[in-house]
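So you can see what is in the structure, the chains are spelled out below.
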Amino acid sequence: MNSSLIRQLISFSQEMPAHAGEIRELITLLETAETQRHRQILEAFLMAHKSIREPLKEYLSAASRKKFRVYDSIPQHLRSRLEQAQTNDTMKSWADTLQSVPRFTKPLPEVSREYIQNARSLWQERVFGNEEVLNTLLRHGLEYARTGQTTPVLLLGPPGVGKTLIAKTYSSILQLPHVFVSGPAACVNRGLAGAPNLYTGAGPGAIVQAMISTKVGNPCICVDEIDKALGGFSGAPNFQNELLSALDDSNTAFHDNYLEMDIDGSHIPYIFTANDKLTISDPLLDRMEVVEMLPPTKDGMLNIIRKFTLPKVLKTYGTDQIRMGDDAIEALVEQLWRSGNRSCRPYQKAVGHLVSGACLQALEAGTTVTISPAEARQAADRFTQGSVRKPIGFLRT
């Protein structure tokens, strides 16, 4: 008898009571058959019982690798709900969500010199400069690869300096799938902890949804604009308080209100973005490492347009009939820089406007079009208007 397989099936039936009867049937077949036929019996059984095919395959494959468990078992007081799932639509939705939560985390990357080199190469492909930020994220990546846990990171800086791009790159350094959570949107939805299964539109919170969508128990969760996630009004969840509970070092598990059970989220790496830390509570800031990001210099902006922005826009339009020389790029940057634009977004918009217009001319004329410095300055003036933000909440007299 293949005792190892039998033990795994028994453990699976304990974690998935809804399929306990089918698993007992499979165990009976295996116990009465020869060991060499166990694999054939298992494959035939999974073909006949499609509902447990994917959960059981995931469980058996995960059991052969060293991973962290997301949760061990379903609480006793919730098991009766699984029996009601056949007749009650509300319970069926709850049971389907519970069964969709991954049981294990993704394996940790192997720490080596090659791991560091790959991370630096990835950074050079996506981000210009910011070596100090890279070194900070690499330290967190090494800590996570060694222990499966790391301190949350807060990217703090003005709009348009590349915080979102760096957050995506951080998940690639960790070799984990990432999920973006909008802080302001989460305040008016189900928040991090979900809505109890008593209300219309109830569902799991953002953490469980991230696990389900990525199919791993440790996705890299990127919370955007956390400084604007105040919450706590009109019955909406207080996002920062929920986050404070999820990041608490003394709690290895967080409670999801929809599932009504604790789930281990200690192996989830977090990275946040914010423009201003004044609206972020001090206890929450104490649980993060704040990484301040400054706008690029004038020379840095020139290099960003040459190496990243212009090639990306040209690739979008799929044409090689457009030329934009250094003189036009310098004229564009000079004009926008003198008007006080330090964000990358006006420069990206101006380059996109120039390339789209040149692409139209090239298609109509059938010749190569070169963007002149005068056209670049004209486009810069177009996107300079309105770039100075008006104060909010005050009447202008």
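None of the values given here were measured: they were computed from a predicted structure.

Trainee: It is not clear to me how the packing of aromatic side chains should be interpreted in this structure. Could you clarify?
Mentor: For the structure on display, the rule yields one aromatic pair. Across from the ring centre of Trp337, 3.8 Å away, lies the NZ or CZ of Arg342, which sits over that ring. Sitting over the face of the ring of Phe383, Arg382 holds its NZ or CZ atom 5.9 Å from the ring centroid.

Trainee: Before we go on, may I ask you to explain unusual backbone geometry in this structure?
Mentor: With the exception of glycine, the majority of residues adopt a negative phi angle, and the majority of peptide bonds are in the trans configuration. Positioned with a positive phi, Gln175 is a non-glycine residue whose angle comes to about 60°. A relative accessible area of 40% means that Gln175 is categorised as partly exposed. Its identity is not glycine, yet Glu225 carries a phi of approximately 55°, on the positive side. Structurally, Glu225 can be placed in the loop between β3 (220-224) and α12 (239-246). For Glu225, a relative accessible area of 23% puts it in the partly exposed group.

Trainee: Any chance you could explain the side chain of Thr150 here in plain terms?
Mentor: Topologically, Thr150 is positioned in the loop between α8 (131-147) and β1 (153-156). Of note is the side chain of Thr150, whose polar atom sits 2.9 Å from the side chain of His140. Within the structure, the side chain of Thr150 is placed 3.0 Å from the side chain of Glu143, a separation counted as a polar contact. Once you skip the residues sitting within four places of it in the chain, Thr150 turns out to touch His140, Glu143, Tyr144, Tyr170 and Pro269.

Trainee: I'm lost on the pairing of β3 in this one. Help?
Mentor: Burial of β3 is extensive: four of the five residues sit out of reach of the surface. Where strand β2 (residues 178-182) and β3 come together, five bridges link them in parallel fashion. Bridging from a neighbouring strand, Val181 pairs with Val223 of β3. Inspection of the sheet shows β3 paired to strand β6 (residues 270-274) by three bridges, in the parallel sense. Along β6, the bridge assignment pairs Cys222 with Ile271.

Trainee: Any chance you could explain the packing of helix α15 (residues 326-338) against helix α17 (residues 373-384) here in plain terms?
Mentor: Angle between the axes and distance between the axes: these two values describe a pair of packed helices. Their axes nearest at 8 Å, the elements α15 and α17 cross at an angle of 30°. By the angle between their directions, the pair α15 and α17 is classed as roughly parallel. Judged by the twist between their axes, the crossing of α15 over α17 is right-handed. Contacts between α15 and α17 involve Asp327, Ala328, Ala331, Leu332, Gln335 and Leu336 from the former and Pro373, Ala376, Arg377, Ala380, Asp381, Phe383 and Thr384 from the latter. Of the residues contributing to the contact of α15 with α17, the split by class is eight nonpolar, two polar and three charged.

Trainee: What is the right way to look at the sheet that holds β3 in this model?
Mentor: Across a sheet, paired strands are connected by hydrogen bonds in the backbone, their directions being either parallel or antiparallel. Pairing is parallel across the open sheet formed by five strands, whose spatial order is β2-β3-β6-β1-β7. Looking at the sheet topology across the chains shown, the edges are occupied by β2 and β7 (289-292). Going from strand to strand, the sheet's axes swing by 20° on average, the running direction of each strand aside. Direction of pairing for β1 relative to β7: parallel, over a ladder of four bridges. Its bridge partner lying in β7, Leu154 is registered against Val290.

Trainee: Looking at this model, I keep getting lost on the side chain of Asp227. Mind explaining?
Mentor: Looking at the secondary structure, you find Asp227 in the loop between β3 and α12. Polar side-chain contacts of Asp227 include one of 3.2 Å to the backbone nitrogen of Asn275.

Trainee: How should the nonpolar core be read in this particular structure?
Mentor: It is characteristic of soluble globular proteins that their nonpolar side chains tend to be buried jointly. Membership of the largest hydrophobic core comes to 40 residues, with the highest contact counts inside it found for Ile207, Ile226, Leu259 and Phe272. Here this core takes five residues from helix α11 (residues 206-214), the largest share from any one element. The residues touching Ile226, leaving out its near neighbours within four places in the chain, are Leu154, Gln240, Leu243, Phe272, Thr273, Ala274, Ile280, Leu284 and Met288. Formed by 29 residues, the second largest nonpolar core is a distinct cluster that contains Ile304, Val313, Met324 and Ala350.

Trainee: Looking at this model, I keep getting lost on the pattern of salt bridges. Mind explaining?
Mentor: A pair can form between side chains of opposite charge whenever their charged atoms are brought close. A full pass over the atoms with the stated rule returns eight salt bridges. Two residues, Glu289 and Arg139, come together in a salt bridge whose shortest N-O distance is 3.1 Å. Separated by 150 residues along the polypeptide, Glu289 in strand β7 and Arg139 in helix α8 bring together distant segments of the chain. Beyond isolated ion pairs, a larger network of salt bridges with shared partners links Glu225, Asp227 and Lys228.

Thresholds applied
Residues numbered from 1 in each chain as written. Predicted model: local features only at pLDDT ≥ 70, side-chain atom pairs only at ≥ 80, totals over all residues. Heavy atoms only, no water. Phe/Tyr/Trp six-rings, centres within 6.5 Å; stacked < 30°, edge-to-face > 60°. Lys NZ or Arg CZ within 6 Å of the ring centre and 35° of its normal. Buried < 20%, exposed > 50% of the residue type's maximum accessible area, 1.4 Å probe, protein only. Helix = DSSP H or I, 4+ residues; strand = E, 2+ residues; numbered from the N terminus. Polar contact = N/O pair within 3.5 Å; in protein donor to acceptor, adjacent residues only side chain to side chain. Contact = heavy atoms within 4.5 Å. Pairing = 2+ DSSP bridges. Axes fitted to C-alpha atoms, helices over the stretch in contact; angles between N-to-C directions. Parallel < 35°, antiparallel > 145°, perpendicular 65-115°, else oblique. Left-handed = near helix turned anticlockwise from the far one by under 90°. Nonpolar A, V, L, I, M, F, W, Y, C, P; charged D, E, K, R; others polar. Core = buried A, V, L, I, M, F, W, Y, C linked by side-chain atoms within 4.5 Å. Salt bridge = Lys/Arg side-chain N within 4 Å of Asp/Glu carboxyl O.

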